[in-house]
Amino acid sequence: MSEVKTRTKWGRAKFGNRQIPAMRIAIPCGLVLGTILSLVAVWNGIAGPNKSLGGTVFAVCLTIPATMLVWALVVDRSSLQGAVDLPEQSIESQWYQQAAAGTQIDVILAAILGVLALSIFPSGNNADPKLILGGVIAISIASVAIRYQLLRRKT
Amino acid sequence: MENLLSEHRKSMEWSQQRLADELGVTRQTIISIERGRFDPSLPLAFRIAALFNKRIEELFFPEKD
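All residue numbers refer to positions counted from 1 along the written sequence of the respective chain. Numbering of ligands from 1 and lettering of chains from A proceed in the order in which they are written. For this predicted model, a pLDDT threshold of at least 70 governs which residues receive local features, and a threshold of 80 or more governs which side-chain atom pairs are given and counted, while totals over whole chains, interfaces and linings are taken from all residues. Hydrogen atoms and water are omitted, and side-chain values are computed over all heavy atoms in the structure.

1. What to know about the overall build of chain B
Then step 1. For chain B, the helix and strand inventory stands at 5 helices and 2 strands.
Then step 2. Along its sequence from the N terminus, chain B presents helices and strands in the succession β-α-α-α-α-α-β.
Then step 3. Put simply, the radius of gyration uses C-alpha atoms, and a globule should come to 2.2 Å times the residue count raised to 0.38. Its C-alpha atoms give chain B a radius of gyration of 11 Å, within 12% of the compact-globule value 11 Å for 65 residues.
Then step 4. Taking the principal axes of the C-alpha coordinates as reference, chain B spans close to 35 × 25 × 20 Å.
Then step 5. Contacts are residue-level and defined by heavy atoms, with any inter-residue pair within 4.5 Å sufficient. Sequence separation of 24 or more characterises 56% of the internal contacts of chain B that already satisfy a separation of 6 or more.
Then step 6. Summed over its atoms, the accessible surface of chain B is roughly 3900 Å², and 47% of this surface lies on carbon and sulfur atoms.
Then step 7. Counting rule applied: Lys, Arg positive; Asp, Glu negative; His and chain ends not counted. By convention, charge coordinates are those of NZ in Lys, CZ in Arg, CG in Asp, or CD in Glu. Of the charged side chains in chain B, 10 are positive and 11 negative, and the gap between their average positions amounts to 4 Å. Helical segments are the DSSP runs of H or I of at least four residues, strand segments are the runs of E of at least two, and each set is numbered from the N terminus. Each accessible area is a Shrake-Rupley result for a 1.4 Å probe, and residues are judged covered by the shown protein chains and nothing else.

In structure tokens, the structure reads:
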């Protein structure tokens, strides 16, 4: 079992034999990534007519998720407070696997119903692909969350 | 699968959290195993048996039909 005293709230990133606080990497990388994405948004003209304001809004909105993404990629989970050593052997892992397997079926069913609806209704030909893909993501997230909670309550 | 995990844990005066920490799993995992609602993986079953200095057969039993 890992020593408790080496674990911190946000954990550490491992580079060879060195360990660096993960946030010390995530925050600057998140700022850079958020800025780059906001510049892409401005360049593509989706940041609105006021490029400075739009770019700033995009940067502010994207920096936090970009920071957390970098953190999730670099952190060594054995350095996190509260993290168990063998998550794959815990029951939560089984719940997630069962929920994810069921979600696959839910997404296929939703896609079938969606195609049927778009075929029947006259406005189906004008369906926005962005909304459709967003709907697929939303159904996936909702399905796995609901199935996970049901399994948790059942156990 | 039925088991004697709860009895052995209590004989050592360990809480469920303590046992979970010793095994490197979550407390919910221990709760579910003791209630017979979760069968541990083979590696985990061996770790449990080693922790209590028992054989697996002395801790886990198939359910009676």
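2. Description of a nonpolar patch on the surface
Residues and elements named next belong to chain A.
Then step 1. A cluster of nonpolar residues, Leu-33, Leu-37, Leu-69 and Leu-73, forms a patch on the protein surface that exposes about 370 Å² of accessible area.
Then step 2. Elements with a contribution of two residues or more to the nonpolar patch: α1 (22–43) and α2 (51–74).
Then step 3. Relative to the assigned elements, Leu-69 resides in helix α2.
Then step 4. Note on exposure labels: buried denotes an accessible area under 20% of the residue type's maximum, exposed denotes more than 50%, and partly exposed covers the range between, all computed with a 1.4 Å probe on protein chains only. The partly exposed category is assigned to Leu-69, whose relative accessible area is 47%. Patch membership is restricted to residues that have no salt bridge and whose relative accessible area is over 30%. Joining uses 9 Å for like charges and 5 Å for the nonpolar side chains Val, Leu, Ile, Met, Phe, Trp and Tyr. We define a salt bridge as a side-chain nitrogen of Lys or Arg found within 4 Å of a carboxyl oxygen belonging to Asp or Glu.

3. Here we look at the domain arrangement of chain A
Note: interface size is frequently given as the accessible area lost on complex formation between the parts.
Then step 1. Domain start and stop positions are those given by an automatic or database domain assignment. Partitioning chain A into structural domains gives domain 1 (4–79) and domain 2 (87–154).
Then step 2. Between the C-alpha centres of domain 1 of chain A and domain 2 of chain A the distance comes to 28 Å.

4. What about the interface of chain B and chain A?
Then step 1. On the side of chain A, 12 residues touch chain B, which itself brings 16 residues to the contact.
Then step 2. Once two parts are put together, the accessible area they lose, assessed with a 1.4 Å probe and summed over both, is termed the buried area. Summed over both partners, the interface of chain B with chain A buries about 1100 Å², with 57% contributed by carbon and sulfur atoms.
Then step 3. In this assembly, chain B and chain A are joined by 0 salt bridges.
Then step 4. Two N or O atoms form a polar contact when they lie within 3.5 Å of each other; inside protein one atom must be a possible hydrogen donor and the other a possible acceptor, and for residues adjacent in sequence the pair counts only when both atoms belong to side chains. Run the count over chain B and chain A and you get 5 residue pairs in polar contact (both at pLDDT 80 or more).
Then step 5. Elements represented by at least two residues in the side of chain B that touches chain A include exactly α2 (16–23), α3 (27–34) and α4 (42–51) of chain B.

5. A look at the nonpolar core
Then step 1. Leu5(B), Leu19(B), Leu23(B), Ile30(B), Ile33(B), Ile48(B) and Phe60(B) are the most contacted members of the largest nonpolar core, which has 22 residues in total.
Then step 2. Those elements giving two or more residues to this core turn out to be α3 (91–120) of chain A together with α2, α3, α4 and α5 (56–59) of chain B.
Then step 3. Top contributing element to this core by residue count: α4(B), with 4 residues.
Then step 4. Setting aside anything within four residues of it in sequence, one finds Leu19(B) in contact with Leu5(B), Arg9(B), Trp14(B), Ile30(B), Leu51(B) and Phe52(B).
Then step 5. Counting 8 residues, the second largest nonpolar core, distinct from the first, contains Ala22(A), Ala26(A), Val75(A) and Ala83(A). Residue types Ala, Val, Leu, Ile, Met, Phe, Trp, Tyr and Cys, when buried and joined through side-chain atoms within 4.5 Å, form a set referred to as a nonpolar core.

6. Observations regarding the sheet that holds strand β1 (residues 12–15) of chain A
Residue and element names in this part refer to chain A.
Then step 1. By this definition, two strands are paired if DSSP reports at least two bridges between them. Read from one edge of the open sheet, 3 strands run β2-β1-β3, paired in antiparallel fashion. Each edge of the open sheet is held by one strand with a lone partner, namely β2 (18–21) and β3 (75–76).
Then step 2. Across 4 bridges, β1 lies against β2 in antiparallel orientation. Its bridge partner lying in β2, Lys-14 is registered against Gln-19.
Then step 3. With respect to the sheet, α1 is in contact with β1, β2 and β3, its orientation differing from that of β2 by roughly 55°. Comment: axis = line fitted to C-alpha atoms, over the contacting stretch for helices; angle = value between 0 and 180 degrees taken between N-to-C directions.

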